[in-house]
Amino acid sequence: MHCPLNQPLILPFCEEKKKSAGTKVDLLQKCGVTLKDIAIGLEVTSVPLCFLLRKKHQTRDQLQQLVSDTIDEVLDTPLRSEFIPSTVVSALASMACHGSVRFGRKMSRDSCLQLIRLLSAQKLPFQCAHGRPSLVPLIKIPTIAKFLLSKPVKNLVARKKKFNA
Ligand SMILES: [Zn+2]
């Protein structure tokens, strides 16, 4: 998802780079970057929304660098429709982790059960978007599974076995 900028960014790209960017306008737009060729470089009129939500106190120079890095990565990558720049993946991973439930946070029983249900529906419930462990075993899951034979717990046990295999 892209977000229009109130004040466009001006990237001082050389003619060769502008020409190269011109061949990947559609892919850049799909990644959330909308740009226009102007005399002194490229004018960026929208950026991925995750770039703006990622850091509240991000300076304009930092945002400009992030967008420039994104364009460079897109230009350096062979055309593939499913391509997502690492800058976007990193911003999304950061947002996902910062919004997560933290260890030690008090939760109601219903919220805990809901969290287990949601985790059991994931392909990799034991790691965050960065690949870091997201769960800490306080009790062996097979032990607790004997007492809680609900489907979400069975799914977690199966995924844990598959994940460790
Ligand atoms: Zn993470």
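Anyway, here's the lowdown on the structure attached to this text. Just so we're clear, the structure is a prediction, and the values are computed from it rather than from any experiment.

### Details of the sheet that holds strand E2 (residues 34-38)
Here's step 1: If you walk across this open sheet you meet the three strands as E1-E3-E2, and the pairing is antiparallel. Edge positions in the sheet fall to strand E1 (2-11) and E2, since each has one partner strand and no second. Geometrically, the sheet is characterised by an average inter-axis angle of 15° between neighbouring strands, direction not taken into account.
Here's step 2: Note: E1 against strand E3 (residues 41-48), six bridges, orientation antiparallel. Bridge pairing links Leu11 to Leu42 in E3.

### Quick word on the pairing of E3
Here's step 1: Most of E3 is tucked away: seven of the eight residues are buried.
Here's step 2: Across five bridges, the pairing between E2 and E3 is antiparallel. Paired with Leu35 across the bridge in E3 is Val44.
Here's step 3: Counting the residues in the hairpin turn of E2 and E3 gives two residues.

### Side note on the coordination of the zinc ion
Here's step 1: Around the zinc ion, the protein contributes the donor atoms Cys97 (SG), Cys128 (SG) and His130 (ND1), at 2.1 to 2.3 Å from the metal centre.
Here's step 2: Site description for the zinc ion: donor spacing in sequence, C-x30-C-x1-H. Residue Cys97 is located in helix H5 (residues 86-98), and its partner His130 is located in the loop between helix H6 (109-120) and helix H7 (141-147); the two are separated by 33 residues in the primary sequence.
Here's step 3: Classification of His130 by relative accessible area gives partly exposed; the value is 37%.

### Some points on the nonpolar core
Here's step 1: Within the largest apolar cluster, 24 residues are counted, with the highest numbers of intra-cluster contacts made by Val44, Phe51, Val67 and Ile71.
Here's step 2: Secondary structure elements with two or more residues in this core: E1, helix H2 (25-30), E3, helix H3 (49-54), helix H4 (60-76) and H5.
Here's step 3: Once residues within four sequence positions are removed from consideration, Val44 is found in contact with Leu5, Pro8, Leu9, Leu11, Val33, Thr34, Leu35, Val67 and Ile71.

### So, H5
Here's step 1: The end-to-end C-alpha distance of H5, which contains 13 residues, comes to 18 Å, matching closely the 18 Å that a straight helix rising 1.5 Å per residue would cover.
Here's step 2: Residues of H5 that are buried include every one of Thr87, Val88, Ala91, Ala93, Ser94 and Cys97, and no others.
Here's step 3: Where H5 is buried, its residues contact E3, H3 and H4.

### A short note on the side chain of Ser46
Here's step 1: Tracing the backbone shows Ser46 in strand E3.
Here's step 2: Since its relative accessible area comes to 2%, Ser46 is described here as buried.
Here's step 3: Looking at Ser46, its side chain comes within polar contact range of the side chain of His2, at 3.4 Å.
Here's step 4: Side chain to side chain, Ser46 and Thr34 meet in a polar contact 2.6 Å long.

Parameters and conventions
- Residues numbered from 1 in each chain as written.
- Predicted model: local features only at pLDDT ≥ 70, side-chain atom pairs only at ≥ 80, totals over all residues.
- Heavy atoms only, no water.
- Pairing = 2+ DSSP bridges.
- Helix = DSSP H or I, 4+ residues; strand = E, 2+ residues; numbered from the N terminus.
- Axes fitted to C-alpha atoms, helices over the stretch in contact; angles between N-to-C directions.
- Buried < 20%, exposed > 50% of the residue type's maximum accessible area, 1.4 Å probe, protein only.
- Donors = N, O, S within 2.8 Å, 3.2 Å for Na, K, Ca; no water.
- Core = buried A, V, L, I, M, F, W, Y, C linked by side-chain atoms within 4.5 Å.
- Contact = heavy atoms within 4.5 Å.
- Expected span 1.5 Å × (residues − 1).
- Polar contact = N/O pair within 3.5 Å; in protein donor to acceptor, adjacent residues only side chain to side chain.

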